[in-house]
Amino acid sequence: MNIDAMTLFPGWFDWFAEQRHVRNAVERGLRLEAVDLRAATPLSAGKVDDTPYGGGAGMVIRVDVVEAALRDRYDVEAEEVRRTRRVIALAAGGRQFDDALAGELAGGGADLTLLCGRYEGFDERVLEHLASDVVSIGPYVLSGGELAAMVVLDAVIRKLPGALGHAESAVEESFSPALEGAPEYPHYTRPVEWRGHRVPDVLLSGNHAEIAAWRRTRSRERSQR
Ligand code: ADE
């Protein structure tokens, strides 16, 4: 899988790319690159944004700047890019990111381009005509799309084969189909008793069927709560 994060701050992704599970995925064929949105701008002095029509605070990233960045990167008309890869614009008002979308992106076979906005975000025509998806990581406003892109990428990359030390950890985890979309069951490890609080006996029983049933029940309870 090839992933490009298009951003005005490519350096933000250096730390992310150094993390163990990301390096594991890269060793298994993932290519992750941070692309400077400013590099191909057609405007003078590296300008990428402008004041909003209709007035208001803040600056808006121009559609012609994103167009130029896509065309420069993929060597096709910018509107064509979303036909061959998922072009995901990060925006607070987008579709809420969830485990199902992470699974779709990890398993869908398409390369990804993440468009990270800054300031007041993108000109609406970026979302309408250049992006294939507009994704939000939650109902709050970040100062830019970079952290949101890393959240999306983290959830996607850990689902790629070989990214995690234990492949099962990504199968039966919170919100996964294996748990019917419910939150994960509780986990315990040593010590078996801490300040009077004991690990549930069933987990010490060695009875795998009972443990599985207990976990399923706890997971469903959490979902109902
Ligand atoms: N950009 C600013 N806030 C955001 C959010 N909550 N999700 C995705 N991108 C954003």
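This text gives an overview of the structure that appears in the document. (Residues numbered from 1 in each chain as written. Predicted model: local features only at pLDDT ≥ 70, side-chain atom pairs only at ≥ 80, totals over all residues. Heavy atoms only, no water.)

1. Quick word on the layout of surface pockets
Volume-wise, the largest pocket comes out at about 360 Å³. L90, A91, A92, G121 and L142 are the residues nearest the centre of the largest pocket, which is lined by 22 residues in total. Of all elements in the fold, only strand 5 (85-96), helix 6 (124-129) and strand 7 (133-136) reach the threshold of two or more residues within the lining of the largest pocket. Of the residues forming the lining of the largest pocket, the biggest block, 3 residues, is contributed by strand 5. Each residue belonging to the lining of the largest pocket can be placed in one class, and the counts come to 12 nonpolar, 7 polar and 3 charged. Considering only enclosed or pocket space, the second largest pocket measures out at about 240 Å³ in volume. Lining the second largest pocket we find D50, T51, P52, Y53, V60, I61, R62, V63, D123 and R125. (1 Å grid on protein atoms, 1.4 Å probe; cavity = no way out; pocket = protein on both sides within 12 Å on 5 of 7 lines; lining within 4 Å. Points joined across faces, edges and corners; volume = space filled by probe spheres on them. Helix = DSSP H or I, 4+ residues; strand = E, 2+ residues; numbered from the N terminus. Nonpolar A, V, L, I, M, F, W, Y, C, P; charged D, E, K, R; others polar.)

2. Remarks on the nonpolar core
The nonpolar side chains of a soluble globular protein tend to be buried with one another. Within the largest apolar cluster, 29 residues are counted, with the highest numbers of intra-cluster contacts made by F97, L105, L114, V152 and I157. Where this core is concerned, the elements lending two or more residues are strand 1 (2-7), helix 1 (12-17), helix 2 (20-27), strand 5, helix 5 (99-107), strand 6 (111-116) and helix 7 (146-157). Here this core takes 8 residues from helix 7, the largest share from any one element. Each residue touching L114, except ones within four places of it in the same chain, is listed here: I3, D4, A5, M6, I88, L90, A149, V152 and L153. Membership of the second largest hydrophobic core comes to 22 residues, among which are V87, L115, L127 and L130. (Core = buried A, V, L, I, M, F, W, Y, C linked by side-chain atoms within 4.5 Å. Buried < 20%, exposed > 50% of the residue type's maximum accessible area, 1.4 Å probe, protein only. Contact = heavy atoms within 4.5 Å.)

3. Here we look at the site of the ligand
Taken together, the neighbourhood of the ligand is formed by L90, A91, A92, V135, S136, I137, G138, Y140, V141, L142, G144 and A148. One of the backbone nitrogen or oxygen atoms of A91 is found 3.3 Å away from a nitrogen atom of the ligand. In the complex, the protein chains occlude 94% of the 260 Å² of accessible area that the ligand would expose alone. Looking at the shell around the ligand, the elements with two or more residues in it are strand 5 and strand 7. Take the shell around the ligand: its biggest share by element is 3 residues, from strand 5. When grouped by side-chain class, the residues that make up the shell around the ligand number 9 nonpolar, 3 polar and no charged. (Near = heavy atom within 4 Å. Polar contact = N/O pair within 3.5 Å; in protein donor to acceptor, adjacent residues only side chain to side chain. Areas by Shrake-Rupley, 256 points an atom, 1.4 Å probe, with all protein chains shown as cover.)

Keep in mind these numbers describe shape, not what the thing actually does.
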